[in-house]
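Working through the structure, step by step
These are the residues of each chain, in order.
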Amino acid sequence: MQRKRIKLSAKDGCGRNVPLMLCITLLQGLVFYSALATAHKRALGLSLLDITAIEGFHTLLMLVLILPWGVFADRVGYKRTLILCNALYLISKVCFWAAEGYTLFLLERLFRAAAVSGLSTCSSAFLYLSARDDGGKRAFSRYTAASAAGVLISSFALSSVLQSDVRLASALTMAAFLAAFVLTLFLKEVRPGLADGGRTLAASLKKVCRAIITKRRFLLFIVAAALFDECAYLVTIVLNQPFFVRAGIPEESFGYLYALSRGLTMLAVFSPSLVGRFGERRTVIGLLTVGMLSCAALALWSNPFVTVSAVILLRTAAGLFSPIKMTVQNREIDVEERATMLAAFFIVTRSCMAASDWAAGAAAEVNIVLCAFLLSGLLLLACLLYTHWSRD
């Protein structure tokens, strides 16, 4: 059976997609209650076991749904998928706003998992096809920066205006996600679904599997990128406080340092300039080296200046790398089932991240210095994997 598709480009009215996607991701970064979520749940009677169990369901559902979402997006169209995912995202925020016990908090995380698992692949594919003129480099860099800007705005709003008012913070978050959903309706489709049903689901998955086997060497890049992302996340989000305490940094400074490190992700807008000046290969190797040396510095020195500088440099390097990663992943896909391929890459990525989390957590239980050395070693491995993949 023939596959009937409509080929669209920016000239067909898709030029508005990139600005709209930037606004959408900025609005979805405005989760004003994020820093208060755990305390709010505890105040309403949830135990730490309840909270961690809910997070476990959230992670598991994301992994289960990611591949079906990719297949769904390729078959029904990317705009429709984005509309559905952003509707689910909005519902999750309504659930949090209305929650007074375990059930609605569980539903909030389940709806969020369903939304994020779809957006994680479909957004990247949609943005890439909307900005093909430059390979998506500028679009992805601005997308990363816009998301970071949303997080930064919400952090400052929480600390300076909202303070501990969780109800107001959740209501404002709900309004931001409603605005994001409305903006999604104005997107222009860049990848319609199959007009005649196309090949069977099994045939589509078989084609994707063949493409992955053909490009199995590209998995070296996927693993390297996963290690970089997760090491940066662990140091700047999960383990930053133990490193700051070891360096003797006052606890009242933690919030400002967290906001600073997240805000530096906005420097991702300069990623295309770096690639243009030094080339993609040298830029990525340089960023991985900066990350590796930053973790090594955290292990070797407990000086406050060195600690803060290392965390900032690692976060900045990871932010600059993020647009390159999304560009390369999309560029390497040469089948029509783009979202499905990205979903497969995501599963490999999450598996690597889970292994890194386990190893880093076990090392941190022994000694935070050992953990820093381990993370530096993982980034060295990432650099070697990327160098091997990119040398041909």
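Okay, so let's go over this structure. (Residues numbered from 1 in each chain as written. Predicted model: local features only at pLDDT ≥ 70, side-chain atom pairs only at ≥ 80, totals over all residues. Heavy atoms only, no water.)

Structural notes on the overall build of the protein
In terms of helices and strands, the protein carries 16 helices and zero strands. Its C-alpha atoms give the protein a radius of gyration of 21 Å, within 12% of the compact-globule value 21 Å for 392 residues. Buried residues in the protein amount to 52% of all 392 residues. Across the protein, contacts joining residues at least 24 apart in sequence account for 85% of those joining residues at least 6 apart. In the form shown here, the protein has an accessible surface area of approximately 17700 Å², with 66% of it arising from carbon and sulfur atoms. If you average the places of the 39 positive and of the 23 negative side-chain charges in the protein, the two averages end up 8 Å apart. (Helix = DSSP H or I, 4+ residues; strand = E, 2+ residues; numbered from the N terminus. Rg over C-alpha atoms; globule rule 2.2 N^0.38 Å. Buried < 20%, exposed > 50% of the residue type's maximum accessible area, 1.4 Å probe, protein only. Contact = heavy atoms within 4.5 Å. Areas by Shrake-Rupley, 256 points an atom, 1.4 Å probe, with all protein chains shown as cover. Lys, Arg positive; Asp, Glu negative; His and termini not counted. Charge placed at Lys NZ, Arg CZ, Asp CG, Glu CD.)

With respect to the packing of helix 3 (residues 48-76) against helix 5 (residues 102-130)
At their nearest, the axes of helix 3 and helix 5 sit 7 Å apart, and the two run at 35 degrees to each other. Here the hand of the crossing between helix 3 and helix 5 comes out right-handed. Looking at side-chain class alone, the contact of helix 3 with helix 5 contains 16 nonpolar, six polar and four charged residues. (Axes fitted to C-alpha atoms, helices over the stretch in contact; angles between N-to-C directions. Left-handed = near helix turned anticlockwise from the far one by under 90°. Nonpolar A, V, L, I, M, F, W, Y, C, P; charged D, E, K, R; others polar.)

A look at the environment of Arg 281
Structurally, Arg 281 can be placed in helix 13 (residues 280-300). Judged by relative accessible area, Arg 281 falls into the partly exposed class, the value being 35%. Sequence separation of Arg 281 and Thr 387 is 106 residues, and the distance between their C-alpha atoms is 8.0 Å. Leaving out residues up to four positions away in the same chain, Arg 281 has contacts with Tyr 386, Thr 387, Ser 390 and Arg 391.

Quick word on the packing of aromatic side chains
Under the defined criterion, the tally for this structure stands at twelve aromatic pairs. Residues Phe 218 and Phe 221 carry aromatic rings whose centres are separated by 5.3 Å and whose planes lie at 15 degrees to one another, so their mutual orientation is stacked. One exposure class covers both Phe 218 and Phe 221, and it is buried. Look at Phe 221 and Phe 321: their rings are 6.3 Å apart centre to centre, the planes differ by 45 degrees, and that puts the pair in the tilted class. In this pair, Phe 221 is assigned in helix 9 (residues 219-238) and Phe 321 in helix 14 (residues 304-331), connecting sequence segments 100 residues apart. (Phe/Tyr/Trp six-rings, centres within 6.5 Å; stacked < 30°, edge-to-face > 60°.)

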